[in-house]
Amino acid sequence: MKRYILAGIILFFVLSGIVIFNPAKPQHNSSNNKPAAYEYYYNENEDEEDSLLPEDLSSILSNIQTVPLDTIPSSKTVLVNRVYLLPSDYIPPNLVVPNVKFSFTYSSDKRKLRKVAADALERLFQAGEKEHVELYGVSGYRSYARQKQIYDKNIATRGQAVTDAVSAKPGSSEHQTGLTIDVSARSVNFRLDQSFGDTTEGQWLAENAHLYGFIIRYPYGKTEITGYSYEPWHIRFVGKAVATYLYENKLTLEEYYGVEDAVKDDTIKNESEPRVDVEDPDSVKYATPKPTIKPKASASPKPSKKPEHPKKTNEKPGKTKKPTQTKTPATDKPTAPPAATPEPTPVPTAAPTNPPAAESSEPTFQDHNAPQ
């Protein structure tokens, strides 16, 4: 009996020593940052990694230049564009499928978003439905490998120059963050269509996305700053505080961080064109003409209600002088005097009128998100 008790005591001390001298490895302790080395916590109530910015932005927004540039891949407010790229091995944490309607039925990674963005998207779509606005998800998360596949395929079929004008380079797509999704509606047949910005759904999205932490990432009129064509369907989660500030001040993330000249310089240096951050560039439908919020009247001039009455002008009509008879030029040979003719009766002339100004036949564009 004593032998069993002694063996139990020894076993207890051995196990205690193992626990003390070999503690559990800490999470996220990978030096190479490769996906296989990650270990994630999954917490339904976790808000994941926050941005570098405080919730109360009043302390740093007195001077916009003091906002620190956020290039941390896992941050909610990370800046990703043609100049600031994501690493090739970055995979966002905690990808889930939001409970929203999609424009397709098959299973795909493009249904996924980071949980913090997925939860916000569900609230956004639910709010729209209460106001009879029905939105659909089209394309969410897109990995670096998938973006590279798209890019390389476009190079093979279009060439380098054309590809750079229509497709995001690997690492420059916001979809890799897991915080971005393209959305559409039945009114545009679920396409990624620039005219979506003029639909009821598109206008509601532009006016309400910030209430749920999203921004229209590539607004109309900001192409030179963002480096991407107008995409009214592309929404990016940045959190309510930053989204509201950008919406109220009509700013892009580039302007917010004070690096708006970075893309302009890159465009000039590489002589490149604006791109689109979509999975299939050929699926994008560009508005012709580009959309307006309030379409102008028809370009053809409308006839006057009373055409028989010319428009009044400030100029007074000049008096018509009686025509004077000119003398016959002298010649070497005498000529018979001209026959007398009755003096013509002067005809009164109407007041001069200016032709109605022709309305421009070119459409007038109005930016949904540009500063007024």
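Shown above is the structure to which this text applies.
Report follows, based on the coordinates.

## Examining the packing of helix 2 (residues 115-130) against helix 5 (residues 200-208)
Packing of helix 2 against helix 5 brings their axes to within 11 Å, and their N-to-C directions diverge by 125 degrees. It follows that helix 2 is oblique to helix 5 by the angle criterion. Every pair of crossing elements has a handedness; the one defined by helix 2 and helix 5 is right-handed. Contact with helix 2, carried on its side by L124, A127 and G128, involves W204, L205 and N208 of helix 5 and no other residues of that element. Of the residues assigned to the contact of helix 2 with helix 5, the class counts are four nonpolar, two polar and no charged.

## Some thoughts on the sheet that holds strand 4 (residues 180-184)
Spatially, 3-4-7-6 is the arrangement adopted by the four strands of the open sheet, whose pairing is antiparallel. Of all the strands in the sheet, the pair left with one neighbour each is strand 3 (136-139) and strand 6 (214-218). The sheet shows a mean angle of 45 degrees between the axes of neighbouring strands, taken without regard to direction. Judged from the three bridges that link them, strand 4 and strand 7 (residues 231-237) form a sheet pairing that is antiparallel. In the strand pairing of strand 7, I181 is matched with I235. The strands touched by helix 2 within the sheet are strand 3, strand 4, strand 6 and strand 7, with strand 7 carrying the most contacts at an inclination of about 130 degrees.

## Thoughts on the pattern of salt bridges
Applying the stated rule across the entire model yields 11 salt bridges. For R82, the salt bridge goes to D266, with nearest N and O atoms at 3.5 Å. Taken as a pair, R82 in the loop between helix 1 (2-21) and strand 1 (95-96) and D266 in helix 9 (residues 260-270) lie far apart in primary sequence, 184 residues in all. On the accessibility criterion, R82 (7% relative accessible area) is buried. One salt bridge connects K112 with D109, and the closest N-O pair in it is separated by 3.1 Å. By relative accessible area, D109 is classed as partly exposed at 41%. Where salt bridges share partners, they join E174, R217, R236 and E254 into one cluster.

## Here's the deal with helix 5
Among the residues of helix 5, those classed as buried are E201, G202, W204, L205, A206 and N208. Lining the buried residues of helix 5 we find helix 2, strand 4, strand 6, strand 7 and helix 7 (240-249).

## Some points on the packing of aromatic side chains
All told, the structure shown has eight aromatic pairs when counted by the stated rule. An angle of 55 degrees between the planes, with centres 5.8 Å apart, marks the rings of Y245 and Y256 as tilted. Pair noted here: Y245 is in helix 7 and Y256 is in helix 8 (residues 253-256), with a separation of 11 residues, a long-range link. A single burial state applies to Y245 and to Y256, both of which are buried.

## Some thoughts on the nonpolar core
Ranked by internal contacts, the top residues of the largest apolar core, which has 34 residues, are L121, L124, F196, L205, F214 and I235. When contributions to this core are tallied by element, the ones reaching two or more residues are helix 2, strand 4, helix 5, strand 6 and strand 7. When residues of this core are assigned to their parent elements, the largest contribution, eight residues, is made by helix 2. Excluding residues that lie within four positions of it along the chain, F214 makes contacts with A117, A120, L121, L124, L179, A209, I235, R236, F237 and A243. The next biggest cluster of nonpolar side chains, apart from the first, holds 12 residues, and it includes I215, Y245, Y257 and V259.

Here is what the cut-offs are and how they apply
- Residues numbered from 1 in each chain as written.
- Predicted model: local features only at pLDDT ≥ 70, side-chain atom pairs only at ≥ 80, totals over all residues.
- Heavy atoms only, no water.
- Axes fitted to C-alpha atoms, helices over the stretch in contact; angles between N-to-C directions.
- Helix = DSSP H or I, 4+ residues; strand = E, 2+ residues; numbered from the N terminus.
- Parallel < 35°, antiparallel > 145°, perpendicular 65-115°, else oblique.
- Left-handed = near helix turned anticlockwise from the far one by under 90°.
- Contact = heavy atoms within 4.5 Å.
- Nonpolar A, V, L, I, M, F, W, Y, C, P; charged D, E, K, R; others polar.
- Pairing = 2+ DSSP bridges.
- Salt bridge = Lys/Arg side-chain N within 4 Å of Asp/Glu carboxyl O.
- Buried < 20%, exposed > 50% of the residue type's maximum accessible area, 1.4 Å probe, protein only.
- Phe/Tyr/Trp six-rings, centres within 6.5 Å; stacked < 30°, edge-to-face > 60°.
- Core = buried A, V, L, I, M, F, W, Y, C linked by side-chain atoms within 4.5 Å.

By themselves these figures say nothing about function.
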